[in-house]
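Coordinate inspection notes
So the chains spell out like this:
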Amino acid sequence: MIRLIDTTSELTGKLAAWMFFAIGLFVTYEVVMRYVFTLPTIWVDEVSRVLQIWATFLAAGFVLKHRDMITIEVAFKDPTTLARKLVETFALLAILLFSAVTCWYGFELWFKATRLGHTSDSFLATPKWLTHASVWIGFGLLFVQALAEGVRIWTRGIPEKDREVPLEDLQ
C-alpha cells in the first residue's frame, strides 16, 4: 500500500511540474500576443490560474515524500533518536489533522459548487467545481502520504535527506 501511495505522489508531483511548465508557455504566448501583435487572449489568465491551483495542491504529497517541506532540526538533528521520531510523528499528526479538516470542508465547497452550477466571473465562465476539486483531492493525497510517512518512520526509520554540499567544499 505504501508503494502505491508513493507512486501516486511521484506521478502527481511530475504532473504538477509539467503543469507549471505549461503555465510558463501560456504566459509567454500571452506576452507575445499582447505586446508584439496587440492581440491579447481571453483564456490564458484563467487557464493558467486553474493549472496553478491544481499543480500546487497535487504537488503537496510529492513534496512531503521527498522531505522538502520546511523542517527545523536545531534540537533534533540525529534522525535515529526516539525524540526525533516523536517530533516527526507529531508534525505528521498536525499535517493529518489539517489535511482531514481541509478535505472535509473542501469537499463540501466542491459539492455545493457542483450542485448549484457556480461558474467563474470571466469570459470563459469556468465551472467552480474544477478549481474546488483540487483542494480536497490535493489534501487527500497529502493525507495518505502523511500516513505513509508515519508508517515509514516507525518501521524503517527517518529517511536521510540528501544533504547540500557546503560552499567551502565546492572550491
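Residues numbered from 1 in each chain as written. Predicted model: local features only at pLDDT ≥ 70, side-chain atom pairs only at ≥ 80, totals over all residues. Heavy atoms only, no water.

**Describing the environment of Lys128**
Along the polypeptide, Lys128 turns up in helix H4 (residues 128-155). By relative accessible area, which is 31% here, Lys128 ends up partly exposed. It is 44 Å that separates the C-alpha atoms of Lys128 and Ala83, two residues lying 45 residues apart in sequence. Each residue touching Lys128, except ones within four places of it in the same chain, is listed here: Ala113, His118, Thr119 and Ser120. (Helix = DSSP H or I, 4+ residues; strand = E, 2+ residues; numbered from the N terminus. Buried < 20%, exposed > 50% of the residue type's maximum accessible area, 1.4 Å probe, protein only. Contact = heavy atoms within 4.5 Å.)

**With respect to the packing of aromatic side chains**
Considering all chains together, one arrives at nine aromatic pairs under this definition. On the basis of an interplanar angle of 15° and a centroid distance of 6.3 Å, the ring pair of Phe107 and Phe111 is categorised as stacked. Separated by four residues within a single helix, Phe107 and Phe111 lie in helix H3 (residues 82-116), roughly one turn from each other. Given the relative accessible area of 36%, Phe107 is considered partly exposed. Taking relative accessible area as the criterion, Phe111 reaches 44% and is therefore assigned partly exposed. A network of ring pairs unites the aromatic residues Phe107, Trp110, Phe111 and Trp136 as a single cluster. (Phe/Tyr/Trp six-rings, centres within 6.5 Å; stacked < 30°, edge-to-face > 60°.)

**Digging into the environment of Phe62**
With respect to the helices, strands and loops of the structure, Phe62 is situated in helix H2 (residues 44-65). Its relative accessible area of 23% is what places Phe62 among the partly exposed residues. For the pair formed by Phe62 and Thr8, sequence separation is 54 residues and the distance between their alpha carbons is 8.5 Å. Those residues in contact with Phe62 that lie beyond four places of it in its chain are Ser9, Glu10 and Gly13.

Functional significance is not addressed by these values, which are geometric in nature.
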